[in-house]
Amino acid sequence: MSGKLRLTVACGDYEIVRALKEGTVAADGLDLVLLTSMGSKERHWRMARKNEFDVCEINVGAYFMSRDRGEALAAIPVYLHRRFRHGFVFVNRDAGIREPKDLAGRKIGGTNFQPASNIWMRGILEENYGLPHRSATWVVEREEDVKFAVPEGLRIEMIAPGKKLDVMLAEGEISAMLSPTLPRRFVEGDKRIARLFPNYKKIELAYYRETGIFPIMHVTAIKQEIVDKYPLVATNLTKAFEEAKNIAYRRIQNPRVVPLAWIRTAWEEQEEVLGPDPWVYGLGPANRKNLEAVLRYTRQQGLISRPLSLDELFIDCDLGDAGGPEEGI
């Protein structure tokens, strides 16, 4: 790979990066070493605390926090992870929680305060359901990836050693939980735990139709020193991620690839609602609205100290004809 700039890229092991990982797609002028074996927790912590990788998929809120603190990072408009969050709010069935407002004054668990999933859902609960985030006590199980001073009036408690949030929820020690994934006790069928929004898919569909937002969880950050020294990196890397995504779209439409009986039906349903490119990259109007919402929530929740603009946070990489899924996808 003589003559190419070698970069370590830490990201999830997604279908949309498979072609980059396997070498089917190459970034012009770059020798990419993809590190995909880490979970989000490890990857985010290692980047936030040790700045280990040249390029890293990180929590969108943590990236805003890092920039607010003057850290030398930039971001390309590549969003490898999105997820609707209404289906990941869980309550104790006996806690008397019938609607989000009932969570005022209660203890709500979460892995920590800063995950993008929690920033999004707290913001949605406050903005759309009238639950101020400072009206609850937030119970966490680990330290934050990015250190921050807890604002006055915000209550955050660390659980005791040996405790587990899903067990605390089942036993009524906490009334609710915002979870990045399905809690183990819920998966195992513990009837004491239920979703706050049992019809979450219907609600998420309505949320998207009203707002046009498919929540961006993670952004792709690059060390600023690399961008300054090699300006071509941002656009060439973005184009490579775009090409890999388009290959994934073509691959996933083959019903022989995914072992699901109605994969084509699911694909058609998604396309009808979210359009042909739900994971669209770039800084178009829809992504700006998406990012402005989570930026607003991040500041509202005391995680950043000042207004930040998307134009100072992201390198606007013009994809030209490469943007969006190819014809026929």
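Placed above this text is the structure.
Quick caveat, the model's predicted, so the values are computed rather than measured. (Residues numbered from 1 in each chain as written. Predicted model: local features only at pLDDT ≥ 70, side-chain atom pairs only at ≥ 80, totals over all residues. Heavy atoms only, no water.)

## Section: the overall build of the protein
The condition that has to hold: Every helix listed is a DSSP run of H or I at least four residues long, and every strand listed is a run of E at least two residues long, numbered separately from the N terminus. We compute the radius of gyration over the C-alpha atoms and compare it with the globule rule, which gives 2.2 Å times the number of residues raised to the power 0.38. In this scheme, a residue with accessible area under 20% of its type's maximum is buried, one over 50% is exposed, and one in between is partly exposed, where area comes from a 1.4 Å probe on protein chains only. Here the Shrake-Rupley method, with its probe set to 1.4 Å, supplies the accessible areas, and only the displayed protein chains count as covering residues. For the charge count, each Lys or Arg is scored as positive and each Asp or Glu as negative, with His and the chain ends excluded. Just so you know, the charge point we use is NZ for Lys, CZ for Arg, CG for Asp and CD for Glu.
On a plain count of helices and strands, the protein comes out with 12 helices and 11 strands. Computed over the C-alpha atoms, the radius of gyration of the protein is 20 Å, within 12% of the 20 Å expected from 2.2 N^0.38 for a compact globule of 329 residues. Each principal axis of the C-alpha atoms in the protein carries an extent, and together these give about 60 × 50 × 35 Å. Here the protein holds 329 residues, and 53% of them are scored as buried. Counting every atom, the protein has about 15300 Å² of accessible surface; 49% of that belongs to carbon and sulfur. Of the side chains in the protein, 47 bear a positive and 46 a negative charge, and the two mean positions are spaced by 5 Å.

## Here's the deal with helix α3 (residues 60-68)
The criterion, for reference: Whether two residues are in contact is decided by their heavy atoms, any of which lying within 4.5 Å being enough.
Of all 9 residues in α3, 9 are buried, a share of seventy percent or more. Every buried residue of α3 is listed here: Val60, Gly61, Ala62, Tyr63, Phe64, Met65, Ser66, Arg67 and Asp68. For α3, the elements touching its buried residues are β3 (55-59), β4 (73-76), α4 (116-129), β11 (218-223), α11 (285-300) and α12 (310-313). Glycine 70 sits one or two residues past α3 and shows a positive phi near 80 degrees.

## Some points on the packing of α4 against α11
To keep things clear, this is the line we draw: All axes here are fitted lines through C-alpha atoms, helices being fitted over the stretch that makes contact, and every angle between N-to-C directions spans 0 to 180 degrees. Roughly parallel covers angles under 35 degrees, roughly antiparallel covers those over 145, roughly perpendicular covers 65 to 115, and oblique covers all other angles. When residues are sorted by character, Ala, Val, Leu, Ile, Met, Phe, Trp, Tyr, Cys and Pro go into the nonpolar class, Asp, Glu, Lys and Arg into the charged class, and all the rest, Gly among them, into the polar class.
Between α4 and α11, the shortest axis-to-axis distance is 9 Å and the interhelical angle comes to 85 degrees. In terms of their interaxial angle, α4 and α11 are classed as roughly perpendicular. Facing Ile119, Trp120, Gly123, Ile124, Glu126, Glu127 and Asn128 of α4, the residues of α11 in contact are Asn290, Ala293, Val294, Arg296, Tyr297, Thr298 and Gln300. Considered class by class, the residues forming the contact of α4 with α11 number 6 nonpolar, 5 polar and 3 charged.

## Considerations on the sheet that holds strand β9 (residues 176-178)
Here is the rule we go by: Two strands qualify as a pair provided that DSSP identifies no fewer than 2 bridges between them.
Strand order in this open sheet of 6 strands is β8-β7-β6-β9-β5-β10, and the pairing throughout is mixed. Edge positions in the sheet fall to β8 (155-158) and β10 (193-195), since each of these pairs with one other strand and no more. If you compare each strand with its neighbour and ignore which way they point, the axes differ by 30 degrees on average. Along the sheet, α4 contacts β5 (89-92), β6 (107-110), β7 (137-140) and β9; its crossing angle with β9, the most-contacted strand, is approximately 125 degrees.

## What about the layout of surface pockets?
Heads up, the rule is: Both cavities and pockets are sets of points on a 1 Å grid over the protein atoms alone; in a cavity a 1.4 Å probe fits but cannot get out, in a pocket the set is open with protein on both sides within 12 Å along at least five of seven lines, and lining residues sit with an atom within 4 Å of a point. Grid points are joined across faces, edges and corners, and a volume is the space filled by probe spheres set on the points.
As a volume, the largest pocket reaches approximately 1100 Å³. Surrounding the largest pocket, 29 residues form its lining, Phe214, Ala266, Gln270, Leu274 and Trp279 being those nearest its centre. Sorting elements by how many residues they give to the lining of the largest pocket places helix α10 (residues 263-274) first, with 7 residues. Among the residues forming the lining of the largest pocket, the class breakdown is 19 nonpolar, 3 polar and 7 charged. Counted as a void, the second largest pocket has a volume near 420 Å³. Around the second largest pocket sit 19 residues that line it, and Ser40, Lys41, His44, Pro180 and His218 are the ones nearest its centre. If you list the elements that add at least two residues to the lining of the second largest pocket, you get α2 (40-50) and α4.

## Let's talk about the nonpolar core
Condition: Grouping buried Ala, Val, Leu, Ile, Met, Phe, Trp, Tyr and Cys residues that are joined through side-chain atoms within 4.5 Å yields what is termed a nonpolar core.
If you look at the biggest cluster of nonpolar residues, it comprises 93 residues, and the most contacted ones within it are Leu32, Tyr63, Phe64, Trp120, Phe241 and Phe314. Of all the elements, helix α9 (residues 232-252) adds the most residues to this core, at 8 residues. Ignoring anything within four residues of it in the chain, the contact list for leucine 32 reads Leu7, Val9, Leu20, Ala27 and Leu237.

## Structural notes on the pattern of salt bridges
For side chains of opposite charge, pairing can occur when their charged atoms come near one another. The following threshold applies: For this analysis, a salt bridge means a side-chain nitrogen from Lys or Arg found within 4 Å of a carboxyl oxygen belonging to Asp or Glu.
Considering all chains together, one arrives at 24 salt bridges under this definition. Residue arginine 192 pairs with aspartate 190 through a salt bridge whose shortest N-O separation is 2.8 Å. With a relative accessible area of 34%, arginine 192 lands in the partly exposed category. Note that aspartate 277 and lysine 245 form a salt bridge whose closest N and O atoms lie 2.9 Å from each other. In this pair, aspartate 277 is assigned in the loop between α10 and α11 and lysine 245 in helix α9, connecting sequence segments 32 residues apart. A residue is classified by how much of its surface remains accessible, and aspartate 277, at 9% relative accessible area, is buried. The network of salt bridges with common partners includes Glu15, Arg18, Glu22 and Arg251.

## A word on the side chain of lysine 223
With respect to the helices and strands, the residue lysine 223 is situated in strand β11. One buried charged side chain, lysine 223, makes no salt bridge at all; its nearest oppositely charged neighbour is aspartate 54, positioned 4.1 Å away. Dropping the residues within four chain positions of it, lysine 223 is found in contact with Asn51, Glu52, Phe53, Asp54, Ala72 and Leu73.

## Some thoughts on empty space enclosed by the protein
Gaps left between atoms show up when a probe the size of a water molecule is rolled over them. In the structure shown here, the tally under the stated rule is 1 cavity of 30 Å³ or more. If you add up the space inside the largest cavity, you get close to 40 Å³. Together, Gly109, Gly110, Asn112, Phe113, Asn118, Arg122, Trp138, Val140 and Leu178 line the largest cavity. Mapped onto the lining of the largest cavity, the elements with two or more residues apiece are β6, α4 and β7. Here the lining of the largest cavity is composed, by residue class, of 4 nonpolar, 4 polar and 1 charged.

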